[in-house]
Amino acid sequence: MSDIQVIKCKAAIIWEAGKMPSVEEVEVAPPKSQEVRVKIVATSICRTDDNVLKGIFPHLEYPIIGGHEAAGIVESVGPGVTCVKPGDEVIPLCVPQCGECACCLSPKANCCLKSHIYKPLQNLMPDKTSRFTCRGKQIHHFLWISTFSEYTVVPVVSIAKISNDAPLDKVCLFGCGFSTGYGAAINNAQVEPGSSCAIFGLGGVGLSVIMGCKTAGASRIIGIDTNKDKFAKARELGATECISPEDFEKPINEVLVEMTGLGVDYAFEVAGHVDTEATALASSHFGHGVCVLVGAPPTGSKLCIRPLQLLTGKKLIGSMIGGWKLKDALPKLVSDYMANKFNTDALISHVLPFEKIAEGFELLNSGKCIRCVLLF
Ligand code: PAD
Ligand code: ZN
Ligand code: ZN
């Protein structure tokens, strides 16, 4: 018999779509076989969390504990877990890496088939039960990691062990935002030295794309946002120019084509709208432009494009979590951070105690926040 007990702790519960999360006491069950219970130390807010709050993913069931960008310490492990032990510093993975499925085994793919994303889409644990209860009710998980809880249970396929010296309040960003944007430039687009890039949307993810384009040696990095308050940070991180679509009479794709001759070599959509996706494709180079979709428009949205654009040689690709196989990639990305290879601290605009999570969402929606880190 296991002596691991239920833990009572605080978590932010979204009782129904469209409602702000409320911080309450939850019971967190012990980890089952092949599961790990983690004490979350720091979790930041990504736009995808706000999408959960607003209910744009219709497959999700509520009440739910959101959150997917975090770092913490293993508290206990269930039977059969050998890759981590209590006390290890870890990052929960919003896309798992089982290491055995066709996608994990392929060097060309990173969307593990043993995931909540692959059929059937569901937001309980892999065995379709929950580890959270509150006021006698079962609470749903999010992406199998629900990091807006002081303790959470995650499948062993959804955890990466990182250096035990890593500052958890900083490397929480590697759980989603930074890794996604940086990887979209480095892995998915494979930006080349001397190339031109356009980034639509300068939030935490878009700014991380800029960091990737700069690292890859792009010579022209054009940041595009309707909120000009984002421009100073974009320049600090490597944008060579910043423009707002609202400052031009003509469509911004025409402006970008004029600025570059035939369009940018690499265009990234990081705003999460289908119309900016079409604009990003139209902004990319006539003969060999690569347009990478990173933003997540509402489930079921349809993208309307002129196919002739692809016949002339443009490529339209998408990026899930920057193309990384996260279990393998995160320990290395974190050690690169610790060797001062990335300035990801610049993405942290706010730090709040976890209880102020609602304020964190308000800051994100006010356009004043890049990443707000919540500390337990
Ligand atoms: P954010 O809301 O902080 O940033 C989005 C930015 O886009 C803001 O600065 C907006 O002002 C700007 N914006 C809005 N409309 C426009 C427009 N029409 N033209 C130009 N800019 C505009 O979000 P984020 O950086 O946290 O996330 C960005 C998107 O990426 C979002 O859709 C999120 O759900 C998605 C995402 N995808 C993955 C993935 O694996 N593909 C991972 C993480 C986040
Ligand atoms: Zn897999
Ligand atoms: Zn995210």
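For the structure itself, consult the block above.
Within each chain, residue numbers correspond to sequence positions counted from 1 in written order. Both sets of labels track the order of writing: A upward for chains, 1 upward for ligands. Local features in this predicted model are restricted to residues whose pLDDT is 70 or higher, and side-chain atom pairs enter the listing and the counts only when it is 80 or higher, whereas totals over whole chains, interfaces and linings include all residues. Excluded from the side-chain calculations are hydrogens and water; all other atoms, namely the structure's heavy atoms, are used.

A. How the structure looks around the packing of helix H1 (residues 47-54) against helix H11 (residues 357-366). The geometry of H1 relative to H11 is characterised by a closest axis approach of 11 Å and an angle of 105° between their N-to-C directions. Overall, the two elements H1 and H11 adopt an arrangement that is roughly perpendicular. Mapping the contact onto sequence places Arg47, Asp49, Asp50, Leu53 and Lys54 in H1 and Phe361, Leu364 and Asn365 in H11. Polar here means any residue other than Ala, Val, Leu, Ile, Met, Phe, Trp, Tyr, Cys and Pro, which are nonpolar, and Asp, Glu, Lys and Arg, which are charged; Gly is therefore polar. Across the contact of H1 with H11, the residue classes break down as 3 nonpolar, 1 polar and 4 charged. Only the stretch in contact is used when fitting a helix axis, every axis being a line fitted to C-alpha atoms; angles between N-to-C directions are given from 0 to 180 degrees. Helix numbers and strand numbers start at the N terminus; a helix is a DSSP run of H or I with at least 4 residues, a strand a run of E with at least 2. Roughly parallel refers to an angle under 35 degrees, roughly antiparallel to one over 145, roughly perpendicular to one between 65 and 115, and oblique to any angle outside these ranges. The criterion used for residue contact is that any of the two residues' heavy atoms lie within 4.5 Å.

B. A look at the coordination of the zinc ion (ligand 3). Donor atoms (N, O, S) are those found within 2.8 Å of the metal centre, with the cutoff raised to 3.2 Å for Na, K and Ca; water is not part of the atom list, so apparent gaps in a site can occur. Every protein donor of the zinc ion (ligand 3) is accounted for by Cys46 (SG), His68 (NE2) and Cys176 (SG), and the metal-donor separations fall at 2.0 to 2.3 Å. As a motif over one chain, the donors of the zinc ion (ligand 3) read C-x21-H-x107-C. A residue pair is termed long-range when its members are at least 10 positions apart, and Cys46 in the loop between strand S3 (35-44) and H1 and Cys176 in the loop between helix H3 (168-171) and helix H4 (177-189) qualify at 130 residues. Note on Cys46: relative accessible area 3%, which makes it buried. When accessible area is computed with a 1.4 Å probe and restricted to protein chains, residues below 20% of their type maximum are described as buried, those above 50% as exposed, and intermediate ones as partly exposed. Given the relative accessible area of 8%, Cys176 is considered buried.

C. Representation of the coordination of the zinc ion (ligand 2) in the model. Protein coordination at the zinc ion (ligand 2): the donors are Cys98 (SG), Cys101 (SG), Cys104 (SG) and Cys112 (SG), at 2.3 to 2.4 Å from the metal. By the criteria applied here, four donors are tetrahedral when all angles lie between 85 and 135 degrees, four are square planar and six octahedral when opposite donors are over 155 degrees apart and every other angle lies between 65 and 115, and any other arrangement is irregular. Of note is the zinc ion (ligand 2), whose 4 donor atoms meet at the metal with angles of 103 to 119° in an arrangement that counts as tetrahedral. Read in sequence order, the donor residues for the zinc ion (ligand 2) give the motif C-x2-C-x2-C-x7-C. In this pair, Cys98 sits in the loop between strand S5 (89-92) and helix H2 (102-105) while Cys112 sits in the loop between H2 and strand S6 (132-134), placing the two residues 14 residues apart along the sequence. Pair check on accessibility: Cys98 and Cys112 agree, each one buried.

D. Representation of the sheet that holds strand S1 (residues 7-13). By the convention used here, strands pair only if DSSP detects at least 2 bridges between them. With respect to topology, 4 strands assemble into an open sheet ordered S1-S2-S6-S7, the strand pairing being antiparallel. Whereas interior strands pair on both sides, the edge strands pair on one side only; in this sheet they are S1 and strand S7 (137-139). For this sheet, the mean inter-axis angle between neighbouring strands, taken without regard to orientation, is 45°. The pairing of S1 with strand S2 (residues 22-28) spans 7 bridges and is antiparallel. Looking at S2, one finds that Ile7 is bridged to Val28.

E. Here's a closer look at the site of ligand 1. Lining the immediate surroundings of ligand 1 are 29 residues, of which Arg47, Asp225, Val294, Ser319 and Ile321 lie closest. Here a polar contact is recorded for every N or O atom pair within 3.5 Å, except that within protein the pair must consist of a potential hydrogen donor and a potential acceptor, and residues adjacent in sequence are included only if both atoms are side-chain atoms. In the environment of ligand 1, an oxygen atom lies 2.7 Å from a nitrogen or oxygen atom belonging to the side chain of Asp225. The side chain of Lys230 places a nitrogen or oxygen atom 2.9 Å from an oxygen atom of ligand 1. Look at ligand 1: alone it shows 870 Å² of surface, and the protein chains cover 88% of it. By residue number, the principal contributor to the shell around ligand 1 is H1, which donates 3 residues. Residues belonging to the shell around ligand 1 are distributed by class as follows: 12 nonpolar, 13 polar and 4 charged. For the domains described, the bounds stem from an automatic or database domain assignment. Each of domain 1 (7-175 + 343-375) and domain 2 (181-319) contributes no fewer than three residues to the shell around ligand 1. The criterion for a residue being near a molecule or strand is simple. One of its heavy atoms has to lie within 4 Å of it. A 1.4 Å probe and the Shrake-Rupley method give the accessible areas. Residues count as covered only by the protein chains that appear here.

F. Expanded view of the side chain of His285. Among the secondary structure elements, His285 is positioned in the loop between helix H8 (274-283) and strand S14 (290-293). The exposure class assigned to His285 is buried, which follows from its relative accessible area of 14%. Only 2.9 Å separates the side chain of His285 from the backbone nitrogen of Gly287, close enough to count as a polar contact. If we skip the residues at most four places from it in the chain, His285 touches Leu262, Gly263, Val264, Asp265 and Lys314.

G. Molecular detail of the packing of aromatic side chains. Two rings belonging to Phe, Tyr or Trp (six-membered ring only in the last case) form a pair when the distance between their centres is within 6.5 Å. Interplanar angles under 30 degrees mark stacking, angles over 60 mark edge-to-face geometry, and anything in between is tilted. Within this structure, the stated rule accounts for 8 aromatic pairs. Relative to Phe342, the ring of Tyr182 lies with its centre 4.9 Å away and its plane at 70°, an arrangement referred to as edge-to-face. With Tyr182 in helix H4 and Phe342 in the loop between helix H10 (326-338) and strand S16 (348-353), this pair connects stretches of sequence that are 160 residues apart. For the pair shown, Tyr182 and Phe342 are each scored as buried. Consider the rings of Phe354 and Phe376, whose centres lie 4.2 Å apart with planes at 25°: the pair is stacked. Of this pair, Phe354 sits in the loop between S16 and H11 while Phe376 sits in the segment after strand S17 (371-375), and the two are 22 residues apart along the sequence. Taken together, the aromatic side chains of Phe174, Phe178, Tyr182, Tyr337 and Phe342 make up a single cluster linked through ring pairs.

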